[in-house]
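Report on the structure
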Amino acid sequence: MGNKLSILGVPMDLGQMRRGVDMGPSAMRYAGIVNRLKKLNYDVEDLGDIRAEITDMTQNENSSLRNLKAITDTSTVLADLVGSVVEKGRFPLVLGGDHSIAIGTLAGIGRYFQNLGVIWYDAHGDLNTDETSPSGNIHGMPLAASLGFGHPVLTEIGGYSPKIKPENVVIIGARDLDEGERKLIREKNINVFTMHEIDRLGMAKVMEQTIDYLKDRTDGVHLSLDLDGLDPHDAPGVGTPVLGGISYRESHLAMEMLAESRLITSAEFVEVNPILDERNKTAEVAVALMASLFGDKLL
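The rules behind the values
- Residues numbered from 1 in each chain as written.
- Predicted model: local features only at pLDDT ≥ 70, side-chain atom pairs only at ≥ 80, totals over all residues.
- Heavy atoms only, no water.
- UniProt positions renumbered as here; feature names shortened; annotations may be inferred.
- Helix = DSSP H or I, 4+ residues; strand = E, 2+ residues; numbered from the N terminus.
- Contact = heavy atoms within 4.5 Å.
- Polar contact = N/O pair within 3.5 Å; in protein donor to acceptor, adjacent residues only side chain to side chain.
- Buried < 20%, exposed > 50% of the residue type's maximum accessible area, 1.4 Å probe, protein only.
- Pairing = 2+ DSSP bridges.
- Right-handed = clockwise from strand over helix to strand, strands pointing away.
- Phe/Tyr/Trp six-rings, centres within 6.5 Å; stacked < 30°, edge-to-face > 60°.
- Lys NZ or Arg CZ within 6 Å of the ring centre and 35° of its normal.

UniProt's entry tags His 124 and Asp 126 with the feature "binding site: Mn(2+) 2" (unreviewed entry), counted in the numbering of this structure. Secondary-structure assignment places His 124 in the loop between β4 (116-121) and α5 (142-146). Not counting chain neighbours up to four residues away, the residues in contact with His 124 comprise Asp 176, Leu 177, Asp 228, Thr 240 and Val 242. Mapping Asp 126 onto the fold places it in the loop between β4 and α5. Those residues in contact with Asp 126, other than ones at most four positions away along the chain, are His 99, Trp 120, His 139, Gly 140, Met 141, Pro 142, Leu 143, Ala 144 and Glu 181. Of note is the side chain of Asp 126, whose polar atom sits 3.2 Å from the side chain of Trp 120.

Rendered as structure tokens:
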């Protein structure tokens, strides 16, 4: 992680059914992310927002996946822009938008690493495919698509597949998994720390094990943080809240330990929905966690 950082907003809410998450990038900017990072002595450039197509949130003909073409088009643009950030030697920080944007983020980053690691900080596994998804919502599929599983239009974004390997993924905070996701986790032996492990081991131990697991097997690590990984009490402004989540303080500890590890080479923060929020609380939480990830300390 160098000191040159590029912020890119993806105001897209097409991967799910609840409007509002397209305002997430604006909410995080309003919460002060740019100034917060500049105070930490980062060279910050804000590249603005990608234009995401507005649709009527309907299913596509010949597909069970909602807004497949619009999401594919936006993901392709995002992949190219993220790739250009990496080529310039800058750290890409992507602001969502729903979690389907991770398909484009990982497509843009994955080609620059032989063994890209991924920390998926989320209440959900996002490991559904067009065959297993109960809803057809693509925000529940980005990790599967990046692993090469699912609709070929999604898996081949960026012109190659897979972007990452199952053995290089760690999911943290899972507490709501569909049956198809459980099956894929078992088949591919994906490393998952559910809330059971977090409660039993403690967040410090979970992060120690995550860092130890990834540090020698990867040449870069992407952090994909969904704000619904946190408990709804701390992050109410999300589209799919699940009770019993990671606490605000535990999340800060996780980010602080990642900062100390210097493993993270790219990141995205997603699923902030201001319409469902309480006075921009969730966006402010996201900004605070980003600050910890980038080295902010009390002393």
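Burial analysis of strand β8 (residues 264-270) places six of its seven residues in the buried class, which makes it a mostly covered element. In this sheet, β8 lies alongside strand β7 (residues 220-226) in parallel orientation, the contact comprising six bridges. Residue pairing in the sheet places Val 221 in a bridge with Ile 264 of β8. Crossover connection from β7 via helix α10 (residues 248-261) to parallel β8: handedness right-handed.

Time to look at the packing of aromatic side chains. The final tally for this structure, using the stated rule, is two aromatic pairs. Ring plane angle 80° and centroid distance 5.4 Å describe the contact between Tyr 42 and Phe 294, whose orientation is recorded as edge-to-face. Taken together, the residues span a long stretch of sequence, with Tyr 42 in the loop between α2 (33-39) and β2 (43-49) and Phe 294 in the segment after α11 (281-293) at a distance of 252 residues. Comparing Tyr 42 with Phe 294 shows no difference in burial state: the two are buried. With a relative accessible area of 4%, Phe 294 lands in the buried category. An aromatic cluster is built from Tyr 42, Phe 91 and Phe 294, whose rings are joined through pairwise contacts. Seen from the ring of Tyr 160, Lys 163 lies directly overhead, with NZ or CZ sitting 5.0 Å from the centre. Its guanidinium or amino end placed over the ring of Tyr 213, Arg 217 lies 4.0 Å from that ring's centre, counting from NZ or CZ.

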